[in-house]
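Single-letter residue listing:
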Amino acid sequence: MKVLKFGGSSVGTAKSITNVKRIVEETAQPVIVVVSALGGVTDKLIAVSHQAAATDAGYTTLVDELQARHHQMIADVVPASKQADTTAAIDALFDELQSILHGVFLIQDLTPKTADAIVAYGERLSSIIAAALINGARHYDSRTFIKTVRLGAKHLVDFDATNRLVRETFAERCPVAVMGGFISSDLQSGVTTNLGRGGSDYTAAIIAAALQADVLEIWTDVDGFLTADPRIIPQAYTIPELSYGEATELCNFGAKVVYPPTIFPVCAENIPIYVKNTLNPKAQGSVIRRNVDASTRPVRGISSINETSMVTVSGMSMVGVLGVNRRIFTTLADGGVSAFMVVQTSSETSTSICTTPADGRLACRLLDEEFKKEIAEGAMNPAQLLDGLATVAVVGERMKHTPGIAGKIFSVLGHNGISIHAMGLGALEMNLSFVVDRSLLRKSLNVLHSSFFLSDYQELNLFVCGTGTVGNSLLQQIAAQRESLMRERGLKINLVGVCGRTKAAYCRDGIDIANYREALDNGVQGGVERMVDEIAEMNIFNSVFVDCTASAEAAAQYRKLLSRNVSVVAANKIAASSSYDDYLELKHTARERGVKYLFETNVGAGLPIINTIGDLTGSGDHILRIEAVLSGTLNYVFNTLSEDVSLSQAVRQAKECGYSEPDPRIDLSGQDVVRKLTILARESGYRLETTDVERHLFIPQDLFDGSLENFWERLPELDAKFEEERKRLLAEQKRWRFVAEWSESGASVSLREIPLGHPFYDLEGSNNIILLTTERYREYPMLIQGYGAGADVTAAGVFADIMRVANI
């Protein structure tokens with residue numbers, strides 16, 4: 001025998017309730033069917049009862065609308081031969097309902113007893129329609145055999161009486177029995193009661209256990225238990241099977257697939273629960289049972305309670321005193337306050353209780369009254385209430401056998417700037433629960449879902465600032481490699497924000513990288529400050545700010561971003577070459593917040609210079625001397641000079657090819673090389689300011705002082721002199737190189753004449769070269785050489801840094 005329960009969404013429309021008919025009629029008999037009220041009806045019944053109590057005559061209109069809805073459902077789905085009788089039965093119930101509500105309206109009072117009676121009509125109505133619809137079905141009133149007793153303000157099932165009555169009622173098996181869930185009656189008085197919101201599941205479980213059914217099926221509007229809330233985690237997928245314990249933990253912490261009390265009765269009888277989708281009956285769904293196959297992952301699922309208040313009782317007098325916690329929980333129980341999570345410090349100086357926000361303030365009043373003497377004497381503190389919280393539960397039986405789970409959870413949360421207010425992990429190690437600010441709930445769920453590989457990929461969410469040559473090339477490279485990275489490395493890169501000078505686009509679900517220009521055209525106001533505000537507002541996990549500009553305004557935002565646990569990848573070298581103290585603070589902030597500040601492309605574009613220096617110094621080597629040609633622009637200029645190409649022409653070509661800055665005076669002044677040398681010295685472990693670097697310029701200062709237009713007009717004045725010197729160097733077998741040098745004795749940049757045979761002599765095009773003399777590489781310095789300028793190689797270096805953020 002099977003017991004099938006159908007929720008409000010399953011009987012809410014003509015289409016869905018027709019699916020119910022088909023599912024039941026295709027199920028082997030005997031079968032018991034439990035239905036909820038039509039979708040949304042219970043909420044409307046609660047609303048009309050409060051309207052009536054408030055003497056709002058408009059309640060009658062809402063009742064008429066409910067009656068019309070049920071009439072329409074009968075007309076849509078019930079066979080014509082049964083419509084008259086079914087309508088008469090429905091109208092009789094609505095007459096009763098109108099009478100009760102009229103009484104509430106007149107006396108302006110809604111007692112709990114009356115409220116229970118009113119809300120029960122939803123299931124009483126829907127079950128009559130379902131019984132008329134399903135062939136061979138017989139209708140039962142579940143109030144005649146589901147019995148409750150009162151405990152405080154709650155109605156608890158009397159299992160002895162209920163089990164006996166259920167067995168008596170169904171001793172003579174009926175092929176198809178249909179009844180309303182949720183509703184019950186008091187054992188002594190027979191007055192209508194209920195099992196609480198979601199109680200239809202409970203009704204079905206009680207009946208299944210009492211009759212020792214083979215299977216309990218819960219039919220709802222989702223494909224089963226999901227790894228997380230799909231409204232927050234679109235990638236969440238169905239869990240094929242889970243244990244009774246795992247299902248209980250997930251349900252108690254917000255997974256609304258099954259009403260939590262449902263699981264115990266069937267668990268005691270070892271009856272499996274199948275969770276299926278009425279609208280997609282062929283889907284596999286989820287099965288809950290005692291013996292399940294071992295999961296390949298330690299975490300089975302993640303759930304959350306979106307609204308949490310935390311009440312803390314504290315005081316030095318609690319230490320070592322017997323009975324304090326007994327007083328706390330007795331007081332709360334007597335006051336009808338339920339706690340779903342309790343945390344106590346090992347020092348016994350405080351106990352924190354997590355409740356619903358509705359119970360939080362009541363709990364504080366009750367506890368302050370209970371401990372008023374101790375509070376007055378200063379031995380204990382008044383109860384503290386913290387609102388605006390959410391609780392997350394990470395659930396899985398294999399967590400107990402997997403070392404490091406708690407460490408990983410708190411590590412990934414910390415890296416994303418998520419602070420924990422309280423946490424609990426019992427000895428069973430099946431549920432690790434923690435409390436966070438409600439504003440961080442979405443981020444917490446996303447980062448945990450990704451980190452525990454419940455998602456298929458590790459995700460990075462990029463905010464790209466700058467869509468010039470480097471930014472555009474980077475996005476093209478990411479678009480080309482995105483599928484390959486997901487397939488081969490399990491890394492999913494999402495573009496969630498992109499901004500230029502005037503336009504920007506943002507989308508939490510991701511922007512089509514290949515068509516980002518179109519998104520920009522239809523976007524919002526641009527600018528780096530707007531982007532930083534959007535990053536804070538979106539609050540997305542594993543966020544990375546990618547700076548593809550040369551903007552001081554963008555560089556000024558790094559500290560704020562890092563402090564908010566946003567990693568920074570920068571092609572922009574302004575921040576790393578700013579004051580040494582600011583540079584050090586950025587590095588310290590990144591390390592302290594557990595995020596990355598990476599700027600490999602600040603020197604040598606895509607060449608692995610900074611990382612190599614980091615590897616050397618990290619392994620105990622010491623940098624003694626740096627000699628380098630670090631300006632791809634200047635190297636291109638001096639390699640391009642010829643009898644046919646003058647200095648001014650070579651500079652213009654460098655700009656047109658994208659090697660130089662938009663204002664090439666930045667390159668010609670040596671400022672760019674000074675910044676790069678400063679960065680290298682700092683990464684080598686030395687304190688150096690840009691002002692400490694001696695500059696020996698080869699362009700007269702007055703060409704730098706005027707406007708850019710004036711510079712281009714006057715630059716040809718130098719052509720003749722440089723051509724004369726070029727011929728001399730050619731005859732002497734020498735070449736110009738703009739060389740940066742650093743050692744502990746000082747730092748300088750200058751235009752040098754490099755003789756044949758020197759490693760710098762044959763440096764071609766816009767290539768860079770660096771010689772590192774270290775304690776280990778003293779006799780034969782380490783040499784790194786390759787393309788040192790150009791949008792594509794710089795973008796490739798930025799791309800590599802992005803992947804380093806993901807540690808792949």
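Up top is the structure these notes are about.
Residues numbered from 1 in each chain as written. Predicted model: local features only at pLDDT ≥ 70, side-chain atom pairs only at ≥ 80, totals over all residues. Heavy atoms only, no water.

**Q** Honestly, the overall build of the chain in this entry has me stumped. Any pointers?
**A** Along the chain, the regular secondary structure elements total 30 helices and 31 strands. Relative to a compact globule of 808 residues, whose C-alpha radius of gyration would be 28 Å, the chain shows 36 Å and is clearly more extended. For the chain, the spread of C-alpha atoms along the three principal axes comes to 115 × 70 × 55 Å. Out of the 808 residues in the chain, the part that is buried amounts to 53%. Sequence-distant contacts in the chain: of pairs separated by 6 or more residues, those separated by 24 or more amount to 71%. Of the roughly 34,800 Å² of accessible surface on the chain, 49% is carried by carbon and sulfur atoms. Here the chain holds 77 positive side-chain charges and 96 negative ones, and the gap between their average locations is 3 Å. (Helix = DSSP H or I, 4+ residues; strand = E, 2+ residues; numbered from the N terminus. Rg over C-alpha atoms; globule rule 2.2 N^0.38 Å. Buried < 20%, exposed > 50% of the residue type's maximum accessible area, 1.4 Å probe, protein only. Contact = heavy atoms within 4.5 Å. Areas by Shrake-Rupley, 256 points an atom, 1.4 Å probe, with all protein chains shown as cover. Lys, Arg positive; Asp, Glu negative; His and termini not counted. Charge placed at Lys NZ, Arg CZ, Asp CG, Glu CD.)

**Q** What am I meant to see in the sheet that holds strand 5 (residues 154-157) here?
**A** Note: strands within a sheet are paired through backbone hydrogen bonds, in either parallel or antiparallel orientation. Spatially, 5-4-7-8 is the arrangement adopted by the four strands of the open sheet, whose pairing is mixed. This sheet does not close on itself; its edge strands, each paired only once, are strand 5 and strand 8 (192-194). The mean inter-strand angle of the sheet, taken between neighbouring strand axes irrespective of direction, is 55°. Pairing between strand 4 (residues 147-151) and strand 5: four bridges, direction antiparallel. Residue arginine 150 lies in a different strand from strand 5, and its bridge partner there is histidine 155. (Pairing = 2+ DSSP bridges. Axes fitted to C-alpha atoms, helices over the stretch in contact; angles between N-to-C directions.)

**Q** Is there a simple way to think about the environment of aspartate 663 in this case?
**A** Looking at the element boundaries, aspartate 663 is found in the loop between helix 24 (647-656) and helix 25 (665-668). Classification of aspartate 663 as partly exposed rests on a relative accessible area of 21%. Along the sequence, aspartate 663 and alanine 130 sit 533 residues apart, while their C-alpha atoms lie 78 Å from each other.

**Q** Could you clarify how one ought to interpret the pairing of strand 15 (residues 350-355) in this entry?
**A** When a strand is regular, its side chains alternate between the sheet's two faces. With six of six residues buried, strand 15 lies mostly within the body of the structure. Judged by which residues are buried, strand 15 turns out to be covered on both faces: Ser350, Ser352 and Cys354 on one side and Thr351, Ile353 and Thr355 on the other are all buried. Pairing of strand 13 (residues 301-314) with strand 15, which is carried by six bridges, proceeds in the antiparallel orientation. Of the residues in strand 15, the one forming a bridge with valine 313 is threonine 351. Sheet topology note: the strand 14 (residues 341-344)/strand 15 ladder contains four bridges and is antiparallel. From the neighbouring strand, valine 343 faces strand 15, where its bridge partner is serine 352. Counted between consecutive antiparallel strands, the loop separating strand 14 from strand 15 contains five residues, among which glutamate 348 sits at a positive phi close to 65°.

**Q** Looking at this structure, I do not really get the nonpolar core. What am I missing?
**A** Note on soluble globular proteins: their nonpolar side chains tend to be buried together. Judged by nonpolar contacts, the single largest core of 106 residues is most densely connected at Leu448, Phe545 and Tyr597. For this core, the element with the most residues is helix 26 (residues 671-683), which contributes six residues. (Core = buried A, V, L, I, M, F, W, Y, C linked by side-chain atoms within 4.5 Å.)

**Q** I keep staring at the layout of surface pockets and nothing clicks. Help me out?
**A** With a probe scaled to a water molecule rolled over the atoms, the places where space remains empty come into view. Looking at the second largest pocket, its volume works out to about 1,200 Å³. Around the second largest pocket, the lining is made up of 47 residues, and of these Cys548, Thr549, Ala550, Glu661 and Pro662 lie nearest the centre. Residue composition of the lining of the second largest pocket, by class: 16 nonpolar, 21 polar and ten charged. (1 Å grid on protein atoms, 1.4 Å probe; cavity = no way out; pocket = protein on both sides within 12 Å on 5 of 7 lines; lining within 4 Å. Points joined across faces, edges and corners; volume = space filled by probe spheres on them. Nonpolar A, V, L, I, M, F, W, Y, C, P; charged D, E, K, R; others polar.)

**Q** Whenever I open this one, the sheet that holds strand 2 (residues 31-35) confuses me. Can you help?
**A** One open sheet accounts for eight strands, arranged 3-6-2-1-9-11-12-10; its pairing is mixed. If you trace the sheet from one side to the other, it starts and ends with strand 3 (137-140) and strand 10 (241-243), each paired once. Taking each pair of neighbouring strands and ignoring which way they run, the sheet shows an average axis angle of 20°. Examined bridge by bridge, strand 1 (residues 2-6) and strand 2 share five bridges and lie parallel to one another. Directly across from lysine 2, in strand 2, lies its bridge partner valine 31.

**Q** So what exactly am I meant to see when it comes to the side chain of aspartate 547 here?
**A** The residue aspartate 547 is located in strand 23 (residues 543-547) in this model. No salt bridge is formed by the buried aspartate 547. Its closest oppositely charged neighbour is arginine 501, at 10 Å. A polar side-chain atom of aspartate 547 sits 2.5 Å from a polar atom in the side chain of tyrosine 558. (Salt bridge = Lys/Arg side-chain N within 4 Å of Asp/Glu carboxyl O. Polar contact = N/O pair within 3.5 Å; in protein donor to acceptor, adjacent residues only side chain to side chain.)

**Q** What should I look at first to understand helix 15 (residues 441-451) in this one?
**A** Residues three or four positions apart in an α-helix share a direction because the helix packs 3.6 residues into each turn. In terms of burial, helix 15 is largely enclosed, as ten of its eleven residues are buried. Along helix 15, the residues classified as buried are Leu441, Lys443, Ser444, Leu445, Asn446, Val447, Leu448, His449, Ser450 and Ser451. In this structure, the buried residues of helix 15 make contact with strand 13, strand 16 (384-395), helix 14 (405-415), strand 18 (431-437) and strand 19 (458-465).

**Q** Help me understand the packing of aromatic side chains in this model?
**A** Two numbers describe a pair of aromatic rings. These are the distance of the centres and the angle of the planes. Overall, the coordinates contain 18 aromatic pairs when judged by the stated rule. Between tyrosine 59 and phenylalanine 105 the ring centres are 5.7 Å apart and the planes differ by 40°, which places this aromatic pair in the tilted class. With tyrosine 59 in helix 3 (residues 59-77) and phenylalanine 105 in helix 4 (residues 80-107), this pair connects stretches of sequence that are 46 residues apart. Its relative accessible area of 3% is what places tyrosine 59 among the buried residues. Ring centres of tyrosine 686 and tryptophan 742 lie 4.5 Å apart, and the angle between their planes is 45°; this geometry places the pair in the tilted category. Within this pair, whereas tyrosine 686 is found in the loop between helix 26 and strand 27 (693-696), its partner tryptophan 742 is found in strand 28 (residues 734-743), the two being separated by 56 residues in sequence. You'll find tyrosine 686 and tryptophan 742 in the same group, each marked buried. Taken together, the aromatic side chains of Phe638, Phe698, Phe722, Trp736 and Phe738 make up a single cluster linked through ring pairs. When the ring centre of tryptophan 712 is taken as origin, the NZ or CZ atom of arginine 652, which lies over that ring, is 4.1 Å away. (Phe/Tyr/Trp six-rings, centres within 6.5 Å; stacked < 30°, edge-to-face > 60°. Lys NZ or Arg CZ within 6 Å of the ring centre and 35° of its normal.)

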